[in-house]
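Okay, here's what each chain looks like letter by letter:
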Amino acid sequence: MSRIGKLPITVPAGVSVDFDGEVVKVKGPKGELTQRIATRALEVKKEGATIELTRKNESKETKSMHGLYRMLIANMVQGVNEPFSKTLVVKGVGYKGSVVGNKLTMNIGFSHPVEIIAPQGIALTATDSQNNSFSITVTGISKELVGQTAASIRAKKPVEPYHHYGIRYSTETPVKKEGKTAGKK
């Protein structure tokens, strides 16, 4: 049995979960999310304030979907109750960023400003920090969309290993390379 798949999902007060054939709809105070699940392999049962997923057979494909769909539904339930967020740190001499509406504009060492438009359901905020750096916070109810947006922002200027200039996650610790040294003759 899947260790993740067999865990029940607790639905908090104020969140409703509906099943319509292969589609799971989760509605809460922060918004609404939908997800298609493989009902040919999994069975979803709702009892009171808990949801459980069980497998219809023991094939390899079904076993692989069991934990995946359980976590997708659990993330949806969590996201509509309390949004997910990721923080990125942008470090470099002269690097600047600002958010106007849903558009992030960054000057990160290129000859032109880099502009990123946030997808529907994502909120971006930029805050200035000290020491030639600033931070960007990506917030939304969909964990997948928050992660993808943060990754696409990070990909614009990866951290270089000598001075650590670039964009990184706040939880990431880049490894610093040693600079070149003069060799002995």
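Here is a short report on the structure shown in this document.

Rules behind the numbers
Residues numbered from 1 in each chain as written. Predicted model: local features only at pLDDT ≥ 70, side-chain atom pairs only at ≥ 80, totals over all residues. Heavy atoms only, no water. Helix = DSSP H or I, 4+ residues; strand = E, 2+ residues; numbered from the N terminus. Expected span 1.5 Å × (residues − 1). Contact = heavy atoms within 4.5 Å. Phe/Tyr/Trp six-rings, centres within 6.5 Å; stacked < 30°, edge-to-face > 60°. Lys NZ or Arg CZ within 6 Å of the ring centre and 35° of its normal. Pairing = 2+ DSSP bridges. Axes fitted to C-alpha atoms, helices over the stretch in contact; angles between N-to-C directions. Buried < 20%, exposed > 50% of the residue type's maximum accessible area, 1.4 Å probe, protein only. Salt bridge = Lys/Arg side-chain N within 4 Å of Asp/Glu carboxyl O.

Right, let's get into helix α2 (residues 143–154). In this model α2 runs 16 Å from its N-terminal to its C-terminal C-alpha over twelve residues, within 8% of the 16 Å that 1.5 Å per residue would give. Those residues of α2 hidden inside the fold are in contact with β7 (84–91), β9 (103–107), β10 (114–117), β11 (122–128), β12 (133–140) and β13 (166–169).

Attention shifts here to the packing of aromatic side chains. In total, this model carries zero aromatic pairs according to the counting rule given. The positively charged end of Lys-86 is found above the aromatic ring belonging to Tyr-169, 5.3 Å away from the centroid. Sitting above the plane of the Phe-110 ring, Lys-157 keeps its charged end 4.8 Å from the centroid.

On to the sheet that holds strand β2 (residues 16–20), then. Taken in spatial order, the three strands of this open sheet run β2-β3-β4, and their pairing is antiparallel. The strands lining the two open edges of the sheet, one partner per strand, are β2 and β4 (31–36). Adjacent strand axes in the sheet meet at a mean angle of 15° when their direction is disregarded. Note that β2 and strand β3 (residues 23–28) share five bridges and pair antiparallel. For Asp-18, the partnering residue across the bridge sits in β3 and is Lys-25.

Here we take up the environment of Ala-118. Mapped onto the elements of the fold, Ala-118 is located in the loop between β10 and β11. Judged by relative accessible area, Ala-118 falls into the buried class, the value being 8%. Taking the C-alpha atoms as reference points, Ala-118 and Asn-102, separated by 16 residues in sequence, lie 5.3 Å from one another.

A word on the pattern of salt bridges. Tallied over the entire structure, the rule returns five salt bridges. The salt bridge partner of Glu-22 is Arg-36, with a shortest N-O separation of 3.7 Å. A residue pair is termed long-range when its members are at least 10 positions apart, and Glu-22 in the loop between β2 and β3 and Arg-36 in strand β4 qualify at 14 residues. According to the relative accessible area criterion, Glu-22 is partly exposed, its value standing at 36%. Judged by relative accessible area, Arg-36 falls into the exposed class, the value being 53%. For Glu-61, the salt bridge identified is with Arg-40, shortest N-O distance 3.3 Å. In this pair, Glu-61 is assigned in helix α1 (residues 60–81) and Arg-40 in the loop between β4 and β5 (42–47), connecting sequence segments 21 residues apart. We classify Glu-61 as partly exposed; its relative accessible area is 47%.

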